[in-house]
Amino acid sequence: MNDTDEMDLAPVEPPLFHPAPGQEVEGPRIRWAAIIWGAVFAALAAWGLWHTAGAGRFGALQENIVSFLMLADAATITIGVILTIGAVVLIVGLVGIARQLQKRTSPGDVVPLPPRA
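> I tried to follow the environment of valine 95 on my own but got confused; where do I start?
The residue valine 95 is located in helix α4 (residues 74–105) in this model. If near-sequence neighbours (up to four positions away) are discounted, valine 95 is found in contact with Trp32, Ala33, Ile36 and Trp37.

Quick look at the structure:
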């Protein structure tokens, strides 16, 4: 007897999940936080690549950063920190809005899939 004959005789396991007739099965969720943060990091990477691609642009960027740091006082640094925190809060808010829109547009009679073992 070969392996294929034994496989044909093996008992078939019943499916673990049976949705009721007329109910839809929910597919994979879209991870909006990953999409939005990925877009932010991609934009930062593109900006950094553009500034470091040319010798003249990289030198100008270095001069601008050094002159900014030499002239920065406590108020300027505080404003920069506040703006950075505000940008992070803005991105988190966009993620929350996208999540709420996803919940509102999903069908209400969806049966969640069982967890994988």
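> Honestly, the packing of helix α2 (residues 32–53) against α4 in this entry has me stumped. Any pointers?
The interhelical angle for the contact between α2 and α4, taken along N-to-C directions, is 145°, at an axis separation of 9 Å. The hand of the α2/α4 crossing is right-handed. On α4, the residues that touch Trp32, Ala33, Ile36, Trp37 and Val40 of α2 are Val88, Ile91, Val92, Leu94, Val95, Ala98 and Gln102. Looking at side-chain class alone, the contact of α2 with α4 contains 11 nonpolar, 1 polar and no charged residues.

> Got a minute to help me understand the packing of α2 against helix α3 (residues 55–71) in this structure?
A pair of packed helices can be characterised by two numbers: the angle between their axes and the separation between those axes. One way to put it is that α2 packs onto α3 with a least axis distance of 5 Å and a crossing angle of 110°. Between α2 and α3, the angle falls in the class roughly perpendicular. Contact residues: Trp47, Trp50, His51, Thr52 and Ala53 in α2; Ala55, Arg57, Phe58 and Leu61 in α3. Residues of the contact of α2 with α3, tallied by class, amount to 6 nonpolar, 2 polar and 1 charged.

The rules behind each value
Residues numbered from 1 in each chain as written. Predicted model: local features only at pLDDT ≥ 70, side-chain atom pairs only at ≥ 80, totals over all residues. Heavy atoms only, no water. Helix = DSSP H or I, 4+ residues; strand = E, 2+ residues; numbered from the N terminus. Contact = heavy atoms within 4.5 Å. Axes fitted to C-alpha atoms, helices over the stretch in contact; angles between N-to-C directions. Left-handed = near helix turned anticlockwise from the far one by under 90°. Nonpolar A, V, L, I, M, F, W, Y, C, P; charged D, E, K, R; others polar. Parallel < 35°, antiparallel > 145°, perpendicular 65-115°, else oblique.

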